[in-house]
Amino acid sequence: MEVKTSLLDNMIGVGDMVLLEPLSEDSFLENLRNRFDHNEIYTYIGSVVISMNPYRSLPIYTPDKVEEYRNRNFYELSPHIYALADEAYRSLRDQDKDQCILITGESGAGKTEASKLVMSYVAAVCGKGQEVNKVKEQLLQSNPVLEAFGNAKTVRNDNSSRFGKYMDIEFDFKGDPLGGVISNYLLEKSRVVKQPRGERNFHIFYQLLSGASDDTLKKLKLDRDFSKYNYLSLDSAAVNGLDDAANFRTVRNAMQIVGFMEDEVQSVLELVAAVLKLGNIEFKPESRCNGTDESRIKDKNDLKEMCELLGIEQSVLERAFSYRTVEAKMEKVSTTLNVAQAYYARDALAKNLYSRLFSWLVTRINESIKAQTKTRHKVMGVLDIYGFEIFEDNSFEQFIINYCNEKLQQIFIELTLREEQEEYVREGIEWTNIEYFNNAIICDLIENHQNGILAMLDEECLRPGTVTDETFLDKLNTICAEHQHFESRLSKNSKFLTDHSLPHSCFRIQHYAGKVLYRVEGFVDKNNDLLYRDLSQAMYKATHSLIKQLFPEGNPTKVNLKRPPTAGFQFKASVGTLMKNLQTKNPNYIRCIKPNDKKASHIFTDSLVRHQARYLGLMENVRVRRAGYAFRQAYEPCLERYKMLCKRTWPHWRGPAREGVEVLMADLQVPTEEYSYGRSKIFIRNPRTLFFLEERRRQCLQDLATLIQKIYRGWKCRRQFLLLKKSQIVVAAWYRRYAQQKKYQKIKSATTVVQSYTRGWQARKLLRELKYQKRCEEAVTTISAFWHGTQVRREYRKFFRANAGKKIYDFIIQRIMQKYFLGLKNTMPPMSPIEKNWPARPYLFLDGVHKELRRIFHLWRCKKYRSQFTEEKKAVYEEKLEASEIFKDKKALYPSSVNQPFKGDYLEISKNPKYQKLNSAVDEKVLLADVVNKINRANGKGTARIFLLTKKSVVLADQKTGQVKASVPLPDLASVSVSTQSDGFFALKLKEGSASAIKGDFLLSSEHLIEIITKLHRTGATDADREQLLVDISDEFLVQFKQDKVCVKFIQGAPKNGNSVSCKRKNNRLLEVSVPTTA
Ligand SMILES: Nc1ncnc2c1ncn2[C@@H]1O[C@H](COP(=O)(O)OP(=O)(O)O)[C@@H](O)[C@H]1O
Ligand SMILES: [Mg+2]
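Small disclaimer: the values here were computed from a predicted structure and weren't measured. (Residues numbered from 1 in each chain as written. Chains lettered and ligands numbered in written order. Predicted model: local features only at pLDDT ≥ 70, side-chain atom pairs only at ≥ 80, totals over all residues. Heavy atoms only, no water.)

K.L.:
Honestly, the overall build of the protein chain in this entry has me stumped. Any pointers?
P.N.:
Tallying secondary structure elements over the protein chain gives 32 helices and 31 strands in all. If one aligns the C-alpha atoms of the protein chain with their principal axes, the spans along those axes are about 245 × 85 × 60 Å. Each of the 1079 residues in the protein chain was classed as buried or not, and the buried ones make up 48%. The contacts of the protein chain with a sequence gap of at least 6 include a subset with a gap of at least 24, amounting to 64%. With an accessible surface of roughly 56,500 Å², the protein chain has 53% of that area assigned to carbon and sulfur atoms. Of the side chains in the protein chain, 167 bear a positive and 133 a negative charge, and the two mean positions are spaced by 19 Å. (Helix = DSSP H or I, 4+ residues; strand = E, 2+ residues; numbered from the N terminus. Buried < 20%, exposed > 50% of the residue type's maximum accessible area, 1.4 Å probe, protein only. Contact = heavy atoms within 4.5 Å. Areas by Shrake-Rupley, 256 points an atom, 1.4 Å probe, with all protein chains shown as cover. Lys, Arg positive; Asp, Glu negative; His and termini not counted. Charge placed at Lys NZ, Arg CZ, Asp CG, Glu CD.)

K.L.:
Looking at this structure, I do not really get the sheet that holds strand S20 (residues 926–935). What am I missing?
P.N.:
Paired through backbone hydrogen bonds, the strands of a sheet run either parallel or antiparallel to each other. Taken in spatial order, the 8 strands make up an open sheet running S23-S22-S21-S20-S26-S25-S24-S27, and their pairing is mixed. At either margin of the open sheet sits one strand with a lone partner, and together these are strand S23 (964–969) and strand S27 (1030–1033). Direction aside, neighbouring strands of the sheet carry axes that sit 30° apart on average. (Pairing = 2+ DSSP bridges. Axes fitted to C-alpha atoms, helices over the stretch in contact; angles between N-to-C directions.)

K.L.:
It is not clear to me how the sheet that holds strand S13 (residues 486–488) should be interpreted in this structure. Could you clarify?
P.N.:
Here 3 strands make up an open sheet; going across it, the order is S13-S14-S15 and the pairing antiparallel. Bordering the open sheet on either side are S13 and strand S15 (514–519), each of which pairs with just one other strand. Taken over all neighbouring pairs, the strand axes of this sheet differ in orientation by 25° on average, direction set aside. The sheet contact formed by strand S14 (residues 506–511) and S15 spans 6 bridges and is antiparallel.

K.L.:
Whenever I open this one, empty space enclosed by the protein confuses me. Can you help?
P.N.:
Gaps left between atoms show up when a probe the size of a water molecule is rolled over them. Tallying each qualifying case throughout the model produces 9 cavities of 30 Å³ or more. In this structure, the largest cavity occupies an estimated 100 Å³ of space. Lining of the largest cavity is provided by 11 residues; of these, Phe412, Ile413, Glu620, Asn621 and Val624 occupy positions nearest its centre. Looking at the lining of the largest cavity, the elements with two or more residues in it are helix H14 (396–427) and helix H23 (618–628). Ranked by residue count, the leading element in the lining of the largest cavity is H14, at 5 residues. Within the lining of the largest cavity, the residues separate by chemical class into 6 nonpolar, 4 polar and 1 charged. Size it by volume and the second largest cavity reaches roughly 80 Å³. Forming the boundary of the second largest cavity are Met119, Val122, Ala123, Cys126, Lys136, Leu139, Leu140, Ile169, Phe171 and Pro177. (1 Å grid on protein atoms, 1.4 Å probe; cavity = no way out; pocket = protein on both sides within 12 Å on 5 of 7 lines; lining within 4 Å. Points joined across faces, edges and corners; volume = space filled by probe spheres on them. Nonpolar A, V, L, I, M, F, W, Y, C, P; charged D, E, K, R; others polar.)

K.L.:
How should I be thinking about the site of ligand 1 in this particular structure?
P.N.:
Around ligand 1 lies a shell of 15 residues, among which Asn53, Gly108, Lys111, Thr112 and Glu113 are the nearest. Burial of ligand 1 by the surrounding chains reaches 84%, relative to a free accessible area of 550 Å². Of the residues assigned to the shell around ligand 1, the class counts are 4 nonpolar, 7 polar and 4 charged. (Near = heavy atom within 4 Å.)

K.L.:
How should the pattern of salt bridges be read in this particular structure?
P.N.:
Between side chains of opposite charge, pairing is possible as soon as their charged atoms come close. Taken as a whole and judged by the stated rule, the model has 66 salt bridges. Lys475 is paired through a salt bridge with Glu459; the nearest N and O atoms lie 2.4 Å apart. Of this pair, Lys475 sits in helix H17 (residues 469–479) while Glu459 sits in helix H16 (residues 453–462), and the two are 16 residues apart along the sequence. A salt bridge links Glu882 to Arg1018, with the shortest nitrogen-to-oxygen separation between them at 3.3 Å. In this pair, Glu882 is assigned in helix H29 (residues 871–887) and Arg1018 in helix H32 (residues 1009–1022), connecting sequence segments 136 residues apart. Overall, the relative accessible area of 18% leaves Arg1018 in the buried class. Each member of the salt-bridge network shares a partner with another, and the members are Glu25, Asp26, Arg33, Asp606, Arg610 and Arg614. (Salt bridge = Lys/Arg side-chain N within 4 Å of Asp/Glu carboxyl O.)

K.L.:
Please clarify how the coordination of the magnesium ion (ligand 2) should be interpreted in this entry.
P.N.:
Binding of the magnesium ion (ligand 2) to the protein goes through Thr112 (OG1) and Ser161 (OG), at separations of 1.9 to 2.1 Å. Highlighted residues: Thr112 in helix H4 (residues 111–125) and Ser161 in strand S5 (residues 160–161), separated in sequence by 49 residues. Relative accessible area serves as the criterion here: at 14%, Thr112 is assigned to the buried category. On the basis of relative accessibility, which here comes to 11%, the residue Ser161 falls in the buried class. (Donors = N, O, S within 2.8 Å, 3.2 Å for Na, K, Ca; no water.)

K.L.:
What's the story with the packing of helix H7 (residues 203–211) against helix H10 (residues 262–280) in this structure? I'm lost.
P.N.:
When two helices pack together, their arrangement is given by the angle between the helix axes and the distance between those axes. Running from N to C, H7 and H10 cross one another at 100°; their axes reach a closest spacing of 11 Å. When the axes of H7 and H10 are compared, the pair comes out roughly perpendicular. Each of Ile204, Phe205, Leu208 and Leu209 in H7 lies in contact with H10, whose residues at this interface are Leu269, Val272, Val275 and Leu276. Here the residues of the contact of H7 with H10 are counted per class, giving 8 nonpolar, no polar and no charged. (Parallel < 35°, antiparallel > 145°, perpendicular 65-115°, else oblique.)

K.L.:
Even after reading the chapter, I still don't get the environment of Val663, so can you show me in this structure?
P.N.:
In this fold, Val663 is placed in helix H25 (residues 657–668). Residues Val663 and Cys646 lie 17 residues apart in sequence; the distance between their C-alpha atoms is 8.1 Å. Val663 has contacts with Cys646, Arg648, Thr649 and Trp653, leaving out every residue within four places of it along the chain.

K.L.:
Honestly, unusual backbone geometry in this entry has me stumped. Any pointers?
P.N.:
Following Glu21, the chain continues to Pro22 via a peptide bond in cis, the omega torsion being -5°. As for its position among the elements, Pro22 is in the segment before helix H1 (25–37). Following Trp650, the chain continues into Pro651 via a peptide bond in cis, with omega recorded as 0°. With respect to the helices, strands and loops of the structure, Pro651 is situated in the loop between helix H24 (635–642) and H25.

K.L.:
Quick question: what am I supposed to make of the nonpolar core here?
P.N.:
Note that soluble globular proteins tend to have their nonpolar side chains buried in a common cluster. Core analysis: the largest hydrophobic core is formed by 209 residues, its most contacted members being Phe28, Phe149, Phe205, Leu317, Phe321, Ile453 and Phe507. Top contributing element to this core by residue count: helix H13 (residues 339–369), with 15 residues. Within the second largest apolar cluster, 29 residues are counted, among which are Phe902, Leu928, Leu949 and Leu988. (Core = buried A, V, L, I, M, F, W, Y, C linked by side-chain atoms within 4.5 Å.)

K.L.:
Any chance you could explain the packing of H10 against helix H11 (residues 300–310) here in plain terms?
P.N.:
With their axes 9 Å apart at the nearest point, H10 and H11 run at an angle of 160° to one another. Here H10 lies roughly antiparallel to H11, going by the angle between them. Remark: the crossing between H10 and H11 carries left-handed chirality. Here Glu270, Leu271, Ala273, Ala274, Lys277, Leu278 and Asn280 of H10 lie close against H11, whose contacting residues are Asp302, Glu305, Met306, Leu309 and Leu310. Partitioning the contact of H10 with H11 into residue classes produces 7 nonpolar, 1 polar and 4 charged. (Left-handed = near helix turned anticlockwise from the far one by under 90°.)

K.L.:
What is the right way to look at the packing of aromatic side chains in this model?
P.N.:
Two measures describe an aromatic ring pair: the distance that separates the ring centres and the angle between the ring planes. Going through the model one piece at a time under the given rule, you end up with 36 aromatic pairs. Measuring from centroid to centroid gives 6.4 Å for Tyr403 and Phe571, while their planes differ by 65°, and the two rings are edge-to-face. Residue Tyr403 is located in helix H14, and its partner Phe571 is located in helix H21 (residues 567–583); the two are separated by 168 residues in the primary sequence. Under the relative-accessibility criterion, Tyr403 is labelled buried at 0%. Seen in terms of ring centroids, Phe857 and Trp860 are 5.7 Å apart; in terms of plane orientation they differ by 40°. Their pairing is tilted. Here Phe857 pairs with Trp860, and both are found in helix H28 (residues 847–866), just 3 residues apart, close to one helical turn. (Phe/Tyr/Trp six-rings, centres within 6.5 Å; stacked < 30°, edge-to-face > 60°.)

Next comes the structure, spelled out in structure tokens:
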């Protein structure tokens, strides 16, 4: 939290004189002294700062202090010049008000220091940046330059400003400095040629002689020894605490920073040297024939050197010091100068030279520091003008200076009172006018156009005829005699006739700050400020550019007969402008007071301070301030400060601050006449009231401190307790956590074991599967490898040596087969089917083939043979084949029949006429015609019969007659029975029930049995509607004779009747056929 202090805190005496109680001159001084003794050199009168010169450096200007006062309210901290500077800068920056800082006080009171403090504070708090810093630096560095040329040691002040200075610092809208303009007022140039006892010439002379290098001095034709120069006072050349040599370096450096060119610096130094040289020029009288004295230069060496420095022709200057040309009515009259006049001319030249050089320096500095931009800017003016001066011997300069101070006092009165009144109006407070001394009357005495002292001085100066200081005083005596503030012995005001403190050649003015006695001697001259034209023309002729520039009126082509304006007139005019300028700005006052005349610290000379306080009108200032209300404060800070005094406003007031203050005041029962409510401030009439509030506040603060202490202690204990409690919870929590952790770890490890077993089991299972899979894959690989190997070997076998044997073998076998087949071709047997020959096989291993080939060849030979057959032959063979099928290996007769061709028609029945009748009886073509024996059942003897076979029937006819004995249709035949023997017997059995069956079966024998049976069988086969005729081959069969069935039995018997077969009836039912045994 920001610590808010107040002007009222830690106060030594009172920080603001307005609060002084009781208010009297004594108490006022006592307060100042009290504060001064405690190093509180600043005290306020409202917004005015009183500054006591401490004459020693205090640790209150540090950067920390700058920060402390930065952006704080004026009354917030203990009085300080920084508070004023901050207030001025902030209202310039934030409220867009031009400001001026008016620093007044007598010589040595600390005005210049104050002005520097203000400038350095503003420089420290305003914007930063390369450009801004350069501007700041230039503004600050203009000070050492001007101080070197314009300040001197006086009895009052070792570094007394001998010119008035007003500096306008220009800022842009952000509050960054842009540049500045310096105005200078009336340099005390008489100091160049003459210094009062105990004082010095301007610093620069001493600085140059002690600080410049030998080389520079040689160039400037100077000697380091001060005593060689008439213009330098010798008794106080060295000043305690002042290092001229070091300061010279500072000045050179400052000039460089401000922007002086090297040759400009050189020129300036040359002019300074020329002034010193000029002082050394001395004159001696030389009587002339007309009895008058004429001046002659004693020793021309200095003149020569000076002329060399400035580039002036020696003779011209020499003449200018001896003669004076006066122009009257277009005529030039030259008069000689006597020694006194020559000295006067010399000093006038020196003074002019120096003061013009000073003005040029100011102009030159202004050129450097002027604002570069043309945008609208805000201005802060700092006025450090020479203070009110009362010397033993006061002359024109003091008169002018004091006039200036009168004007400043005037403006102070006007602005402060006006400001005060305006504030009341602004705040809506009733205002009753307050009496105060208005010094306008004194200003009028001096500056009145008609009868003001300055106007009369001008009148005297311009008046033709003899004009002396005495005539001027006479004039004053007549015109101003009645003025309250003018005193003169010879005035018509008889009350001063006996005033011996008032010499005859003097007049006295009652300034606002006291009475000052002015000696009129020199008034006219100084006001005229004349420089003989011969001298200015001589200067203009110089080759030195700067000096030529400083004396423009010496230009012979621009001779101006009009007198230049007098010094008084000029000063009045410039003071007038300054006042106008100041009036447009918001004033801020610093009133400097010097505590003693000894330039010593810690000494507070009561009378001296009392005097200053009086003439500065400080008491009046306080009174005016208090006339209305002694103290005022904006509502917010007021409420903030006193809110603890009322329960309703403590600790927070929610409403508007003004209402809070009203509640507060009502609660505190402050009499209503003691305060007023303005629009933004509360005005407290009597300081007592404020102190009452302060006292209550102090007490309340003590109570509050106790309360805070109490609460703090309680809070601390509670905090301690809570901390312990919290710690206990933390410990418990940690322990629980630890225990749970342990338990968890146990469970976890058990789980891990179970898990690991399961996982192991699963893994092993998986491993087995994988292994199996792997083996399968390996087997497949092996098999495929073998298979591939086999394939490859097979493919490449032909390239293997091991296979050669097989190949040779195959080849040989092939060759053998080839030879075998080719040989077989040549030894083929004949194509006859009955041919049995077949070539012998050459090798045993060909046995199968050989036999197979023989079989194939035979089949092929038969096929070939068969393919040559005609249809008839084919039929014959077919019959033969059929016969073979029926009888082969069944009947012994068969083999003998194979060679017999089947003739069929053995009887040539169609050709033989014997059988014509028979032939015609048979419609169909006769398939077979033969003679057979029909066996008689009774005896077994055979009767020849013709046997005919047609397609449809079997016909038996008588051999002799050819008469058909029986005709049996083929379908009526049931079967044929034959024996297995080589006999020709066969029985035709008829189907029971058929028409032919009535006569019974036929038992026949034939030589062509095989042919007959075969044809019978065949005929039946070709006729599709008939059943195949059964051929029954056995050695015993039954034959149906009429009603009886007779068995025919075949036996092999010894041949009785040669080779013939005999049939005998054995009994009724048996016929026995004996068949010779075939060998
Ligand atoms: N605030 C201060 N702190 C320390 N010394 C100071 C202060 N003000 C003035 N002085 C001393 O007093 C001397 C005269 O001050 P200066 O400002 O030159 O007076 P003035 O300009 O009023 O004639 C300075 O040289 C310095 O030694
Ligand atoms: Mg000064």
